[in-house]
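# Fold and geometry: a report
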Amino acid sequence: MFKFHLFLFHVSGFLFFSHQFCYGKVMMEYIGATGVPVKLDDVPIEDGIDFHFLLSFAIDADPSGNSQNGKFSPYWADTLTPESVAAIKQSHPNVKALASLSGWSIGNKVLRWYNPVDVQQWISNAFSSLSSIAQQYHLDGIDIDYENFPRRNSNFAYCIGELITLLKNQSVISLATIAPYHKTVPAYIELFENYGDVIDFVNYQFYTDKVRQARSYVEAFKLRAGQFDKDKVLPSYEVNGRGIQGDAFFDALRLLEANGFSVNGVMIFSADASSSGHYYYETKSQDFLLNSTVSV
Ligand SMILES: *[C@@H]1O[C@H](CO)[C@@H](O)[C@H](O)[C@H]1NC(C)=O
Ligand SMILES: *[C@@H]1O[C@H](CO)[C@@H](O)[C@H](O)[C@H]1NC(C)=O
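Residues numbered from 1 in each chain as written. Chains lettered and ligands numbered in written order. Predicted model: local features only at pLDDT ≥ 70, side-chain atom pairs only at ≥ 80, totals over all residues. Heavy atoms only, no water.

## Some words on helix 4 (residues 156-169)
If you check helix 4, its first and last C-alpha atoms are 19 Å apart, about what 14 residues at 1.5 Å a residue would give, namely 20 Å. All buried positions along helix 4 are accounted for by Phe156, Ala157, Cys159, Ile160, Gly161, Leu163, Ile164, Leu167 and Lys168. Note on helix 4: the residue one or two positions beyond its end, Ser171, has a positive phi of about 55°. (Helix = DSSP H or I, 4+ residues; strand = E, 2+ residues; numbered from the N terminus. Expected span 1.5 Å × (residues − 1). Buried < 20%, exposed > 50% of the residue type's maximum accessible area, 1.4 Å probe, protein only.)

## Some points on the pairing of strand 2 (residues 50-59)
Counted residue by residue, strand 2 has 10 buried out of 10 residues, so it is predominantly covered. Bridge count between strand 1 (residues 26-31) and strand 2: 6 bridges; the pairing is parallel. Along strand 2, the bridge assignment pairs Met28 with His52. Judged from the 2 bridges that link them, strand 2 and strand 3 (residues 73-74) form a sheet pairing that is antiparallel. The residue of strand 3 that forms the bridge with Ala58 is Pro74. (Pairing = 2+ DSSP bridges.)

## Digging into the site of ligand 2
Near ligand 2, the surroundings consist of Arg254, Lys284, Asp287, Phe288 and Asn291. Contacts to ligand 2 include Arg254, whose side-chain N or O atom sits 3.2 Å from an oxygen atom. Between an oxygen atom of ligand 2 and a side-chain N or O atom of Asn291, the distance comes to 2.2 Å. Burial of ligand 2 by the surrounding chains reaches 47%, relative to a free accessible area of 360 Å². Ranked by the residues each element gives to the shell around ligand 2, the list is headed by helix 9 (residues 280-294), at 4 residues. A breakdown of the residues in the shell around ligand 2 according to their chemical character gives 1 nonpolar, 1 polar and 3 charged. (Near = heavy atom within 4 Å. Polar contact = N/O pair within 3.5 Å; in protein donor to acceptor, adjacent residues only side chain to side chain. Areas by Shrake-Rupley, 256 points an atom, 1.4 Å probe, with all protein chains shown as cover. Nonpolar A, V, L, I, M, F, W, Y, C, P; charged D, E, K, R; others polar.)

## Some points on the layout of surface pockets
For the largest pocket, the calculated volume is near 410 Å³. Along the wall of the largest pocket there are 25 residues; nearest its centre are Ala33, Phe57, Gly103, Trp104 and Phe269. Tallying contributions element by element places strand 2 first for the lining of the largest pocket, with 3 residues. Here the lining of the largest pocket is composed, by residue class, of 12 nonpolar, 9 polar and 4 charged. (1 Å grid on protein atoms, 1.4 Å probe; cavity = no way out; pocket = protein on both sides within 12 Å on 5 of 7 lines; lining within 4 Å. Points joined across faces, edges and corners; volume = space filled by probe spheres on them.)

## Some details on the pattern of salt bridges
Taken as a whole and assessed by the stated rule, the structure comprises 8 salt bridges. Residue Asp231 is joined to Lys230 by a salt bridge in which the shortest nitrogen-to-oxygen separation is 3.4 Å. What makes Asp231 partly exposed here is its relative accessible area of 26%. Exposure remark for Lys230: the relative accessible area of 46% places this residue in the partly exposed category. In this structure, the salt-bridge partner of Arg254 is Asp251, at a minimum N-O distance of 3.4 Å. Pair noted here: Arg254 and Asp251 are both in helix 7 (residues 248-258), with a separation of 3 residues, about one helical turn. (Salt bridge = Lys/Arg side-chain N within 4 Å of Asp/Glu carboxyl O.)

## What about the UniProt feature "domain: GH18" (unreviewed entry) in the protein?
Within this numbering scheme, the UniProt entry marks residues 25-286 as carrying the feature "domain: GH18" (unreviewed entry). Helix makes up 34% of residues 25-286 and strand 19%, whereas the separation of the span's terminal C-alpha atoms amounts to 9 Å. (UniProt positions renumbered as here; feature names shortened; annotations may be inferred.)

## A look at the environment of Leu255
Within the secondary structure layout, Leu255 lies in helix 7. On a C-alpha basis, the gap between Leu255 and His182 in space is 22 Å, while along the polypeptide they are 73 residues apart. Discounting residues that sit within four places of it in the chain, Leu255 has contacts with Ala214, Arg215 and Val218. (Contact = heavy atoms within 4.5 Å.)

In structure tokens:
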């Protein structure tokens, strides 16, 4: 056991220079989006993995869906209290918590990037509202999950890129991730090309590509790795959802490695869906990541 820890420390020391992370392997888990009373401490968390909870969602809108010019509020499940975030981080020092921004909808209103008229005011409002949510909920980062965009001339990349830069510069957050899906790729490429230095991981929603076989999953991964950064793009899985399902996902992860890609983490949507299925995919994904850490 002692030897094992020394080895991990050695691995982390090595990866520190290339990825700036302690362990180098990350688990991303969306939680709290559906209203299911899901709890952080029900989710299996392995030592030796950087485990990131993505609290879903913080939204720039009132409960009726009216936009608030950058003033975000938390809308994730009531069970995800500030105390429960503090407690899980205390019992598992490898846990970090991020607020995921926007998501698809609030109530029955579809959310979209709306091109704020006064961009500096929007950035300033977003910075202060997210700073206070981060302080209240003990957050380490934000995830960008806008899913709908105007047809043209979006100021999304500028506003979000400047927001992340400012939050990191003021040490409000240390982590930022983005969650494109096939229809939103152009907006996120613009963001990533201009602000990639402050974006740590790409939680690409592979399940929206509706790829069902391991071999086609690898093709989809190649495409997205080329559009973003192969070391930042994480394979993802939707529990009881679209795309590849069941153990074929782990065949796909093995095939990615066989094709020379390094699987630096896994994103799962979502703990809400897994809570009735004993978190099979969370357990097995971490098992996979730990196996491939040891064989580095
Ligand atoms: C924040 O930005 C200032 C001005 O560009 C820079 O000097 C400083 O090093 C930055 N701090 C961090 C923590 O990035
Ligand atoms: C991890 O390694 C163990 C031991 O070799 C193996 O039994 C298990 O199936 C592996 N898990 C995954 C998810 O690949």
